[in-house]
Amino acid sequence: NAGVTQTPKFQVLKTGQSMTLQCAQDMNHNSMYWYRQDPGMGLRLIYYSASEGTTDKGEVPNGYNVSRLNKREFSLRLESAAPSQTSVYFCASSEERKNIQYFGAGTRLSVL
Amino acid sequence: DQQVKQNSPSLSVQEGRISILNCDYTNSMFDYFLWYKKYPAEGPTFLISISSIKDKNEDGRFTVFLNKSAKHLSLHIVPSQPGDSAVYFCAASGNTGGFKTIFGAGTRLFVKA
């Protein structure tokens, strides 16, 4: 059972470069989420998608864009990476917005 | 403004003893609370949850207690095992404007053999 799959697992970028983090879930969940985890800060919500075709900003959306490509896939794009975006990024999904979330293994991103 | 607070960054417990992890919240609109467990290099995994209509939920060695008047919940692990060593995140959700789930900063639990 794959669950939530994130790619890549690791990435190093130079300031100003762009990249897209990919996320796919095979549980037929309606809701998907992108979080970032920083030391002492817990998990902070960047963007979420309550259902296919909708996306909403979370707590820390600046510098990011998202696309809910279909029910399975939810991607996170950094258009011009900054050192402040160095973090571990987690994608998650749930049946509904309030329910238990299932997380991917994370993408560790360093921006130099 | 942290709506969900875990004030202890770390906790060390002897194997076989009880581990108590605490969490406080500020928003009275939260009505569903969860605990997640995270090992290094893995994503968080769901551990146990509790609805605001209950004050206790038990699952094997794990029990979550909710005190709504104090806006406080705790996770008890009895007996603690070395495999329980991980970071534990408290989370809360409810009709706070979008049903977003808010996570605490986490508590790192060390269980010593």
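Residues numbered from 1 in each chain as written. Chains lettered and ligands numbered in written order. Predicted model: local features only at pLDDT ≥ 70, side-chain atom pairs only at ≥ 80, totals over all residues. Heavy atoms only, no water.

1. Concerning the interface of chain A and chain B
In step 1: With 17 residues of chain A at the interface, the matching set in chain B holds 19 residues.
In step 2: Taken together, the links from chain A to chain B amount to 0 salt bridges.
In step 3: The tally of links between chain A and chain B comes to 2 residue pairs in polar contact (both at pLDDT 80 or more).
In step 4: Of all elements in the fold, only strand S4 (31-38) and strand S5 (42-49) of chain A reach the threshold of two or more residues within the side of chain A that touches chain B.
In step 5: It is S5 of chain A that provides the largest number of residues to the side of chain A that touches chain B, a total of 4 residues.
In step 6: Here the side of chain A that touches chain B is built from residues that sort into 9 nonpolar, 6 polar and 2 charged. (Contact = heavy atoms within 4.5 Å. Salt bridge = Lys/Arg side-chain N within 4 Å of Asp/Glu carboxyl O. Polar contact = N/O pair within 3.5 Å; in protein donor to acceptor, adjacent residues only side chain to side chain. Helix = DSSP H or I, 4+ residues; strand = E, 2+ residues; numbered from the N terminus. Nonpolar A, V, L, I, M, F, W, Y, C, P; charged D, E, K, R; others polar.)

2. Some remarks on the sheet that holds strand S7 (residues 62-67) of chain B
All names here are of chain B.
In step 1: Strand order in the open sheet formed by 5 strands is S1-S3-S8-S7-S6, with antiparallel pairing between adjacent strands. A strand with exactly one partner marks an edge of an open sheet, and here the two such strands are strand S1 (4-5) and strand S6 (56-59).
In step 2: Here S1 pairs with strand S3 (residues 19-25) via 2 bridges, running antiparallel. What sits directly across from Val4, in S3, is Tyr25. (Pairing = 2+ DSSP bridges.)

3. A closer look at the sheet that holds strand S1 (residues 4-7) of chain A
All names here are of chain A.
In step 1: Pairing is antiparallel in the open sheet, where 4 strands are placed in the order S1-S3-S8-S7. Each edge of the sheet is formed by a strand with only one pairing partner; in this case those strands are S1 and strand S7 (64-68). Strand after strand, the sheet turns through a mean of 15° between neighbouring axes, direction not considered.
In step 2: Inspection of the sheet shows S1 paired to strand S3 (residues 19-25) by 4 bridges, in the antiparallel sense. Looking at the pairing, Thr5 lines up with Ala24 of S3. (Axes fitted to C-alpha atoms, helices over the stretch in contact; angles between N-to-C directions.)

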